[in-house]
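What follows is each chain in one-letter form.
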Amino acid sequence: MKIEIEPEKCIASGQCVVVAEQVFDQDDDGIVVLHDAEPGDAAVVEAARNAARICPARAIHTHD
Ligand code: SF4
């Protein structure tokens, strides 16, 4: 599973970091930063999928 982000769409809400801190972080302006574009751990993969679902800006995409 691959993760892509669109930081230009991010509204700095922070939900992705709350649900998947192993994958996402925020820069000094609160904009999403991707730590791990291809997590191997199944729980982390599921957390990243959940982040993509709840992101209010639809700035996170997952690809199988
Ligand atoms: S959940 Fe979406 S809008 Fe919020 S910080 Fe993460 S990428 Fe940005």
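Quick caveat: nothing in here was measured; it's all calculated off a predicted structure.

## Description of the environment of phenylalanine 24
Stage number 1. Assignment of secondary structure puts phenylalanine 24 in strand β2 (residues 24-26).
Stage number 2. In this structure the C-alpha to C-alpha distance between phenylalanine 24 and aspartate 36, which are twelve residues apart in sequence, comes to 7.5 Å.
Stage number 3. When near neighbours in sequence (up to four residues on either side) are disregarded, phenylalanine 24 contacts Ile3, Ile5, Cys16, Val17, Val32, Val33, Leu34, His35, Ala48, Ala51 and Ile60.

## Comments concerning a negative patch on the surface
Stage number 1. A cluster of acidic side chains, namely Asp25, Asp27, Asp28 and Asp29, defines a negative patch on the protein surface.
Stage number 2. Under the relative-accessibility criterion, aspartate 28 is labelled exposed at 85%.

## A word on empty space enclosed by the protein
Stage number 1. The final tally for this structure, using the stated rule, is one cavity of 30 Å³ or more.
Stage number 2. In this structure, the largest cavity occupies an estimated 90 Å³ of space.
Stage number 3. Considered class by class, the residues forming the lining of the largest cavity number ten nonpolar, four polar and no charged.

## Considerations on the site of the ligand
Stage number 1. Lining the immediate environment of the ligand, one finds Cys10, Ile11, Ala12, Ser13, Gly14, Gln15, Cys16, Val32, Cys55, Pro56, Ala57 and Ile60.
Stage number 2. Taken atom by atom, the bulk of the ligand overlaps the largest cavity.

## Regarding the pattern of salt bridges
Stage number 1. The tally for this structure, following the rule as stated, stands at three salt bridges.
Stage number 2. Between glutamate 6 and lysine 9 there is a salt bridge, and its shortest N-O distance comes to 3.1 Å.
Stage number 3. Overall, lysine 9 belongs to the partly exposed group, its relative accessible area being 39%.

## As for the nonpolar core
Stage number 1. In this structure, Ile3, Cys16, Val23, Phe24 and Ile60 are the most contacted members of the largest nonpolar core, which totals 17 residues.
Stage number 2. The set of elements that each furnish at least two residues to this core consists of α1 (15-19) and α2 (42-54).
Stage number 3. Element by element, the count of residues in this core is highest for α2, at five residues.
Stage number 4. Setting aside anything within four residues of it in sequence, one finds cysteine 16 in contact with Glu21, Phe24, Val32, Ala51 and Ile60.

## Things to note about α2
For the α-helix, the turn length of 3.6 residues means that residues three or four positions removed from each other point alike.
Stage number 1. In a regular helix each residue adds 1.5 Å, so 13 residues correspond to 18 Å; α2 covers 19 Å between its end C-alpha atoms and thus fits that length.
Stage number 2. In the core, the buried residues of α2 are packed alongside β1 (2-5), α1, β2 and β4 (60-63).
Stage number 3. Where α2 begins, the side chain of aspartate 41 points an oxygen toward the backbone nitrogen of alanine 43, at a separation of 3.0 Å.

What counts, and at which threshold
- Starting from 1, residues in each chain are numbered consecutively following that chain's sequence as written.
- At least 70 in pLDDT is required for a residue's local features to be given in this predicted model, at least 80 for side-chain atom pairs to be given and counted, and no such filter applies to totals for whole chains, interfaces and linings, which use all residues.
- Hydrogens and waters are ignored; side-chain quantities use all the structure's heavy atoms.
- Runs of E in the DSSP output that reach at least two residues are strands. Runs of H or I that reach at least four are helices, and both are numbered from the N terminus.
- What makes two residues a contact is simply this: any of their non-hydrogen atoms within 4.5 Å.
- Patch membership requires more than 30% relative accessible area and the absence of a salt bridge. Residues of like charge join within 9 Å; the nonpolar side chains Val, Leu, Ile, Met, Phe, Trp and Tyr join within 5 Å.
- The method behind every accessible area is Shrake-Rupley, applied with a 1.4 Å probe, and residues are considered shielded solely by the protein chains displayed.
- Salt-bridge detection follows one rule: a side-chain nitrogen of Lys or Arg within 4 Å of a carboxyl oxygen of Asp or Glu.
- In this tally Asp and Glu are treated as negative and Lys and Arg as positive; neither His nor the chain ends contributes.
- Working definition for charges: the position is that of NZ of Lys, CZ of Arg, CG of Asp or CD of Glu.
- Each residue is placed in one exposure class: buried if its accessible area under a 1.4 Å probe, protein chains only, is under 20% of its type's maximum, exposed if it is over 50%, and partly exposed if it falls in between.
- Here a cavity denotes grid points, spaced 1 Å and computed from the protein atoms alone, that fit a 1.4 Å probe unable to get out, and a pocket denotes an open set having protein on both sides within 12 Å along at least 5 of 7 lines; residues with an atom within 4 Å of a point are the lining.
- Grid points are joined across faces, edges and corners, and a volume is the space filled by probe spheres set on the points.
- All amino acids are sorted into three groups, where Ala, Val, Leu, Ile, Met, Phe, Trp, Tyr, Cys and Pro are nonpolar, Asp, Glu, Lys and Arg are charged, and the leftover types, Gly among them, are polar.
- Near residues are defined by distance, with any heavy atom within 4 Å of the molecule or strand qualifying the residue.
- To be counted as sitting in a cavity or pocket, a molecule needs more than half of its atoms within 2 Å of that site's grid points.
- As used here, the term nonpolar core means buried Ala, Val, Leu, Ile, Met, Phe, Trp, Tyr and Cys residues forming a set that is joined through side-chain atoms within 4.5 Å.
- To estimate how far a helix should reach, multiply one less than its number of residues by 1.5 Å.
- As used in this structure description, the phrase polar contact means that two N or O atoms lie within 3.5 Å; if the pair is within protein, one of them must be able to donate a hydrogen and the other to accept it, and residues adjacent in sequence are counted only when both atoms belong to side chains.

Function cannot be read off these values alone, since they describe shape.
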